[in-house]
Amino acid sequence: MPKRSLMLAGGGLKIAFQAGVLQVWLDEAGLEFDHGDAVSAACFNLAMWTQGMSGQQIADNWRNLDPITGVDVNWSQLARLIYAESLFELGAYRQKVFPAWGLDWEQIRGSRREATFNVYNFSKHELRPVTAPEMTEDFLVAAASLPMWFPPVHIDGDTYIDAVFNTASNIEEAIRRGADELWIIWTTSQRGEWFDGFVGNFFGIFEATANGGYKQVLARIERSNGAIARGAQAEFSRPITVRELKAEVPLHYLLNFSKDRTAEAVNRGVEAARAWCHANGVSYRHGDAYSAYSSTTGIRPEKR
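The rules behind these values
- Residues numbered from 1 in each chain as written.
- Predicted model: local features only at pLDDT ≥ 70, side-chain atom pairs only at ≥ 80, totals over all residues.
- Heavy atoms only, no water.
- Buried < 20%, exposed > 50% of the residue type's maximum accessible area, 1.4 Å probe, protein only.
- Helix = DSSP H or I, 4+ residues; strand = E, 2+ residues; numbered from the N terminus.
- Salt bridge = Lys/Arg side-chain N within 4 Å of Asp/Glu carboxyl O.
- Core = buried A, V, L, I, M, F, W, Y, C linked by side-chain atoms within 4.5 Å.
- Contact = heavy atoms within 4.5 Å.
- Axes fitted to C-alpha atoms, helices over the stretch in contact; angles between N-to-C directions.
- Parallel < 35°, antiparallel > 145°, perpendicular 65-115°, else oblique.
- Left-handed = near helix turned anticlockwise from the far one by under 90°.
- Pairing = 2+ DSSP bridges.
- Right-handed = clockwise from strand over helix to strand, strands pointing away.
- Phe/Tyr/Trp six-rings, centres within 6.5 Å; stacked < 30°, edge-to-face > 60°.
- Lys NZ or Arg CZ within 6 Å of the ring centre and 35° of its normal.

A.B. asks: Explain helix 4 (residues 91-101) to me, please; I cannot follow it from the model alone.
C.D. replies: Residues lying three or four places apart along an α-helix face the same way, a consequence of the helix completing one turn every 3.6 residues. For helix 4, every residue scored as buried is listed here: Gly91, Ala92, Tyr93, Val97, Phe98 and Trp101. Of the residues flanking the end of helix 4, it is Gly102, one or two places downstream, whose phi is positive at about 80°.

Shown next, in the form of structure tokens:
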């Protein structure tokens, strides 16, 4: 059987949509993965998967999340203005969100599932895939510590930040670990629409970095597969199959404070995954609609 890697690409709060996809892929389609990899906030979903939660549990955790719960302004830094360490902190995620989700670090470290949580070691300027046995709350927070918005995390004398500006999906790591199939959930916008202002510019830079790097590695895989088909020397030792579910998720990467909008993003992920399975010949059983929470309002197009 081919070795499958579940690739949970970074995408800020848009990865609530990713949780809906996991409800379908893991539970309704019964897909099993030999390895999971995540970048940025998608590491939250990977932590739940590594711990052994079902797709429904992961999706319901997001449906029931009130985004206000995770808001933690870095008040002590505001007076420093442009020299502030960050605008927000992730202390509320440590104290409220992670416990509400039922994250258990001992279970994660003792998991039989192979997982890599990507962080960027700024002290050494190295991308570091943290394995499940190494996983701690500090590393999970560091994985989502997007510069300017959240402070870096200091671990064993080194400074760690979100790896998303280095890679939004560590495909090379999955291939290095033997993946033959990459099952990618991609939520970073590819519309190519530029927004003015500090926030719009920041996330435009993020999109440029994430999409540019992603397209480059997909092109490398295509060239390598072509070389193998011709019997020529290839970059990778075997053909790599990419199974991609890509969507435009009308939810802001960071500035969302509505529980309804978050829940609706999860529900859209469920609907998109069912349609994707149907289109790609992946059998699934149609589960309950949305067991824990259904939003009463729809999502409007995002504004930055």
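A.B. asks: Looking at this structure, how should I read the pattern of salt bridges?
C.D. replies: Pairing between side chains of opposite charge can happen when the charged atoms of each approach one another. Under the definition given, this model contains 18 salt bridges. Ionic pairing is found between Arg94 and Glu137, a salt bridge with its closest N-O pair at 2.9 Å. Taken together, the residues span a long stretch of sequence, with Arg94 in helix 4 and Glu137 in helix 6 (residues 137-143) at a distance of 43 residues. For Arg94, a relative accessible area of 24% translates into the label partly exposed. Exposure remark for Glu137: the relative accessible area of 24% places this residue in the partly exposed category.

A.B. asks: Just checking my understanding: could you explain the nonpolar core for this structure?
C.D. replies: Formed by 96 residues in total, the largest nonpolar core has its most connected members in Trp25, Trp62 and Trp101. Examining the composition of this core, we find that nine residues originate from one element, helix 1 (residues 15-28), more than from any other. If near-sequence neighbours (up to four positions away) are discounted, Trp62 is found in contact with Leu13, Ile15, Ala16, Ala19, Phe44, Asn45, Met48, Trp101, Thr262 and Val266.

A.B. asks: Any chance you could explain helix 2 (residues 42-51) here in plain terms?
C.D. replies: Across the 10 residues that make up helix 2, a large majority, 10, are buried. Backbone geometry just downstream of helix 2 places Gly52 in the positive-phi region, at approximately 110°.

A.B. asks: Before we go on, may I ask you to explain the packing of helix 2 against helix 3 (residues 55-63) in this structure?
C.D. replies: Two packed helices can be described by the angle between their axes and the distance between those axes. The interhelical angle for the contact between helix 2 and helix 3, taken along N-to-C directions, is 140°, at an axis separation of 9 Å. Classified by the angle between their axes, helix 2 and helix 3 sit oblique to one another. Here the hand of the crossing between helix 2 and helix 3 comes out right-handed. The residues of helix 3 that touch helix 2, namely those facing Phe44, Asn45, Met48 and Trp49, are Ile58, Asn61 and Trp62.

A.B. asks: Which parts of the structure should I look at to understand unusual backbone geometry?
C.D. replies: As a rule of thumb, non-glycine residues mostly have phi less than zero, and peptide bonds are mostly trans rather than cis. Despite not being glycine, Ser40 has its phi angle at roughly 60°, a positive value. As for its placement among the helices and strands, Ser40 is situated in the loop between strand 2 (35-39) and helix 2. With phi around 50°, His125 is a residue other than glycine that occupies positive phi space. Mapped onto the secondary structure, His125 falls in the loop between strand 3 (114-121) and strand 4 (126-131). The partly exposed category is assigned to His125, whose relative accessible area is 48%.

A.B. asks: How do you make sense of the pairing of strand 3 when you look at a structure like this?
C.D. replies: The two faces of the sheet receive side chains in turn, since in a regular strand these alternate between them. Among the eight residues in strand 3, seven count as buried, and that is most of the element. Note that strand 2 and strand 3 share five bridges and pair parallel. Bridging across to strand 3, Val39 finds its partner in Asn118. Inspection of the sheet shows strand 3 paired to strand 4 by six bridges, in the antiparallel sense. Within strand 4, the position partnered with Phe117 by the bridge is Val130. Linkage of strand 3 to strand 4, two consecutive antiparallel strands, is achieved through a turn of four residues, within which His125 is found at a positive phi near 50°. In the sheet, strand 3 pairs with strand 6 (residues 158-162) via three bridges, with the strands oriented antiparallel.

A.B. asks: Help me out: how do you make sense of the pairing of strand 1 (residues 4-8) in this one?
C.D. replies: Summarising burial for strand 1: four of the five residues are buried, a large majority. Here four bridges tie strand 1 to strand 2, and the two strands are oriented parallel to one another. If you follow Leu6 over to strand 2, its bridge partner there is Gly36. A crossover links strand 1 with its parallel partner strand 2, the connecting element being helix 1, and its sense is right-handed.

A.B. asks: Teacher, can you tell me more about the packing of aromatic side chains here?
C.D. replies: Each aromatic ring pair is summarised here by two numbers: the centre-to-centre distance and the angle between the ring planes. Taken as a whole and assessed by the stated rule, the structure comprises 25 aromatic pairs. Seen from their ring centres, Phe44 and Phe98 are 5.4 Å apart, and the 75° between their planes marks the pair as edge-to-face. Of this pair, Phe44 sits in helix 2 while Phe98 sits in helix 4, and the two are 54 residues apart along the sequence. The same class applies to Phe44 as to Phe98, namely buried. Among the aromatic residues, those joined into a cluster by ring pairs are Phe88, Trp149, Phe150, Phe165, Phe198, Phe202, Phe203, Phe206 and Tyr253. Directly above the aromatic system of Tyr253 lies the positively charged group of Lys14, at a separation of 4.7 Å from the ring centroid.

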